[in-house]
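Descriptive analysis of the structure
Single-letter residue listing:
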Amino acid sequence: MAERKHRHGKLYLLLMALAAAGAAIWVGSSVLSVEEFAFTGARLPAGWDGGRLVVLSDLHGKRFGRQNSRLLEAVRKAGPNVICLCGDMMDEWSGTEYLRPLLEGLVEIAPVYYVTGNHEWASGQMPELRRLLEETGVTYLSNTFVPLERNGDTITLAGIDDPNGYAGQKSPEEVAGEVKEAAGDGFWLLMAHRNNLFDGEYCRLGADLVLSGHGHGGIWRLPFTDGLLGAGGQLLPGFTNGFYRCTDGHEAQVFVTRGLGGIPRLFNHPQVAVLTLHCE
């Protein structure tokens, strides 16, 4: 009898531990975290002092409320001037149409700009996605750039396609050269999905700030680490959450959002990142 009670006690503790782990993963994957960040740029024009960007990425088919109502409300409350979608907002399993209510809602809040991630191309559904972006009024920055005006001053927002894209596309260096030719020494932002290509590559393009996703915050975040797993399966990745500088001495910075969906998360809430720009 005592042995049976002992076994039952162990089973009870195991079930409690599994329930606690399941609850932690559910909370980590489903509860949105709206987080404020500040970026100070020496070349930022005065008209953009206080400008606000919302950065979203890696939705991967996940929904936050019916038709992503909770996500839309979080973005609306943030009061952005610009919304940047940094790739993998859909994937091979989600299809494109589920994005329509979200995109339609976002463009009612602020101008929306999109760059592709690796999964958009892997899905084989880029023609459908391109049509959806056009129909909803989202600007697809496919190796190109646009001026952004605020209070009489202009900055430049550029975007590059993910390397999974079509063969023969413009290189990031070509896009950066075109920005330089058009905007001179003006302040510019670069949207580029892959966080792991910033250090040593994208940091050399001359952008004042690169906006990226792809890393999913390291998926399971542990104390004193940048997460347990990178998007490619590497252990203890870097460049997964917040601001970083290039390690080779370049002054460029990248902001990496933890993203919204993907593999179930632990201690890594889906993130609505809100960046406020400041003059130095």
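Here's a quick rundown of the structure. These numbers were taken from a predicted model, which means no experiment stands behind them. (Residues numbered from 1 in each chain as written. Predicted model: local features only at pLDDT ≥ 70, side-chain atom pairs only at ≥ 80, totals over all residues. Heavy atoms only, no water.)

Our focus in this paragraph is the side chain of Thr116. By secondary structure assignment, the location of Thr116 is in the loop between β4 (112–114) and α4 (118–122). Overall, the relative accessible area of 1% leaves Thr116 in the buried class. Within the local environment of Thr116, its side chain forms a polar contact with the side chain of Asp161, the two groups lying 2.8 Å apart. There is a polar contact of 3.2 Å between the side chain of Thr116 and the backbone nitrogen of Asp162. Setting aside residues up to four positions removed in sequence, Thr116 forms contacts with Gly87, Trp121, Met126, Tyr140, Asp161, Asp162 and His193. (Helix = DSSP H or I, 4+ residues; strand = E, 2+ residues; numbered from the N terminus. Buried < 20%, exposed > 50% of the residue type's maximum accessible area, 1.4 Å probe, protein only. Polar contact = N/O pair within 3.5 Å; in protein donor to acceptor, adjacent residues only side chain to side chain. Contact = heavy atoms within 4.5 Å.)

The subject of this paragraph is unusual backbone geometry. The phi angle at Asp58 is positive, at roughly 55 degrees, despite the residue not being glycine. Tracing the sequence through the fold places Asp58 in the loop between β2 (52–56) and α2 (69–78). The backbone of Phe239 shows a phi angle near 60 degrees, a positive value even though the residue is not glycine. The residue Phe239 is located in the loop between β9 (209–213) and β10 (242–245) in this model. We classify Phe239 as buried; its relative accessible area is 17%.

Let us look at the packing of helix α3 (residues 100–107) against helix α5 (residues 126–136). Close contact between α3 and α5 brings their axes to 9 Å; oriented N to C, the two are set at 35 degrees. Between α3 and α5 lies a crossing whose hand is right-handed. Mapping the contact onto sequence places Arg100, Leu103, Glu104 and Val107 in α3 and Leu132, Leu133, Glu135 and Thr136 in α5. (Axes fitted to C-alpha atoms, helices over the stretch in contact; angles between N-to-C directions. Left-handed = near helix turned anticlockwise from the far one by under 90°.)

For α5, every residue scored as buried is listed here: Met126, Leu129, Leu132, Leu133 and Thr136. The arc that holds the buried residues of α5, viewed along the axis, is 120 degrees, so those residues lie on one side. The exposed set on the far side of α5, more than 90 degrees from its buried face, consists of Glu134 and Glu135. Tucked inside the fold, the buried residues of α5 contact α3, β4, α4 and β5 (139–140). Backbone geometry just after α5 places Gly137 at a positive phi near 85 degrees. (Arc of directions from axis to C-beta.)

Scanning all chains against the criterion turns up eight aromatic pairs. For the pair Phe37 and Phe243, a centre-to-centre distance of 6.2 Å together with 75 degrees between the ring planes defines the contact as edge-to-face. In this pair, Phe37 sits in strand β1 (residues 33–41) while Phe243 sits in strand β10, placing the two residues 206 residues apart along the sequence. Given the relative accessible area of 19%, Phe37 is considered buried. Overall, the relative accessible area of 26% leaves Phe243 in the partly exposed class. Geometrically, the ring pair formed by Trp121 and Tyr166 is edge-to-face, given 5.8 Å between the ring centres and 75 degrees between the ring planes. In this pair, Trp121 sits in helix α4 while Tyr166 sits in the loop between β7 (153–159) and α6 (172–183), placing the two residues 45 residues apart along the sequence. (Phe/Tyr/Trp six-rings, centres within 6.5 Å; stacked < 30°, edge-to-face > 60°.)

Our next topic: the state of the cysteines. Scanning all chains against the criterion turns up one disulfide. The disulfide bridge from Cys203 ends at Cys246, spanning 2.4 Å between sulfur atoms. Placement of the pair is Cys203 in the loop between β8 (188–194) and β9 and Cys246 in the loop between β10 and β11 (253–256), with a sequence separation of 43 residues. For the residue pair Cys203 and Cys246, the accessibility class agrees, reading buried in each case. (Disulfide = S-S within 2.5 Å.)

Turning to the pairing of β11, a few remarks are in order. Burial along β11 is two-sided: the residues Gln253 and Phe255 and Val254 and Val256 are all buried. Bridging between β9 and β11 involves four bridges; their strand directions are parallel. Within β11, the position partnered with Leu209 by the bridge is Gln253. Bridge count between β10 and β11: four bridges; the pairing is antiparallel. Its bridge partner lying in β11, Gly242 is registered against Val256. (Pairing = 2+ DSSP bridges.)

Judged by relative accessible area, which is 3%, Cys203 ranks as buried. The spatial distance from the C-alpha of Cys203 to the C-alpha of His250 is 6.8 Å, given a sequence separation of 47 residues. For Cys203, the residues in contact, after removing those within four places along its chain, are Phe198, Cys246, Asp248, His250 and Ala252.

What follows is about α6. For α6, with 12 residues, the first-to-last C-alpha span of 16 Å sits near the 16 Å given by 1.5 Å per residue. Among the residues making up α6, those that are buried are Val175, Ala176 and Val179. For α6, the angular spread of the buried residues around the axis is 100 degrees, confining them to a single face. Across α6 from its buried face, at more than 90 degrees, point the exposed residues Glu173 and Glu181. For α6, the elements touching its buried residues are β6 (144–150), β7 and β8. Positioned one or two residues after α6, Gly184 has a phi angle of 60 degrees, which is positive. (Expected span 1.5 Å × (residues − 1).)

Spatial relationships are all this shows, so hold off on functional conclusions.
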